[in-house]
Amino acid sequence: MTEPIVGYIIYFDIAAFVICLISLAVVFLKRDYKKSENKWLIAIFVNSMLCVVFDIWSAYAIDYPSQYSYDLAYATTYIYYFFHSTHPFLYFMFSYHLSLDRKSGSAGMPRPI
């Protein structure tokens, strides 16, 4: 391999992937994945793992342009941006389902006195 052009550091990406794997394992080992809030939590973890994969892939495509085309670098970067931009929606849905009152099925609003 040739010398990288930019020299992206991917250690944080690898650590994030491992943390997401451990978190997913904990959710599945507790067998608590049928609740709606945990489904959204799993979606957050999977989305984060996809972000990590495409971030690493785009970093390598940018670092080694002789081996990867610029089209691949652009595509993986835009796919990374797409998954990364869906994080706020997933966090909102997770927090919304977390705040639901299980008995009434409504959001956790204060009851009138």
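The structure under discussion appears in the preceding block.
Attention here is on the structure that accompanies the text. (Residues numbered from 1 in each chain as written. Predicted model: local features only at pLDDT ≥ 70, side-chain atom pairs only at ≥ 80, totals over all residues. Heavy atoms only, no water.)

What follows deals with the overall build of the protein chain. What the protein chain contains, in helices and strands, is four helices and zero strands. Burial analysis of the protein chain (113 residues in total) assigns 30% to the buried set. Only carbon and sulfur atoms are counted for the fraction: they give 69% of the accessible area of the protein chain, which is about 8200 Å². (Helix = DSSP H or I, 4+ residues; strand = E, 2+ residues; numbered from the N terminus. Buried < 20%, exposed > 50% of the residue type's maximum accessible area, 1.4 Å probe, protein only. Areas by Shrake-Rupley, 256 points an atom, 1.4 Å probe, with all protein chains shown as cover.)

Here we come to the state of the cysteines. Evaluated as defined, the whole model comprises zero disulfides. Unpaired in terms of disulfides, Cys20 finds its nearest cysteine sulfur in Cys51, a separation of 9.1 Å. With a relative accessible area of 9%, Cys20 lands in the buried category. (Disulfide = S-S within 2.5 Å.)

For the coordinates displayed, the defined rule picks out eight aromatic pairs. Ring centres of Tyr78 and Tyr81 lie 6.4 Å apart, and the angle between their planes is 70°; on these two criteria the pair is classed as edge-to-face. Taken as a pair, Tyr78 and Tyr81 lie in helix H3 (residues 70-85) at a separation of three residues, close to a single helical turn. The exposed category is assigned to Tyr78, whose relative accessible area is 57%. When the ring of Tyr80 is compared with that of Tyr81, the centres are 5.5 Å apart and the planes differ by 50°; the resulting orientation is tilted. One aromatic cluster in this structure is built from Phe54, Trp57, Phe82 and Phe83. (Phe/Tyr/Trp six-rings, centres within 6.5 Å; stacked < 30°, edge-to-face > 60°.)

The next subject is the nonpolar core. In terms of nonpolar packing, the biggest core is built from ten residues, these being Cys20, Leu24, Val27, Leu41, Ile42, Ile44, Phe45, Met49, Leu90 and Phe94. Mapped onto this core, the elements with two or more residues apiece are helix H1 (11-29), helix H2 (36-63) and helix H4 (87-99). The element that contributes the greatest number of residues to this core is H2, accounting for five residues. The contacts of Val27, once residues within four sequence positions are left out, are Asp32, Tyr33, Leu41, Ile42 and Phe45. (Core = buried A, V, L, I, M, F, W, Y, C linked by side-chain atoms within 4.5 Å. Contact = heavy atoms within 4.5 Å.)

Purely spatial values, then, with no claim about function.
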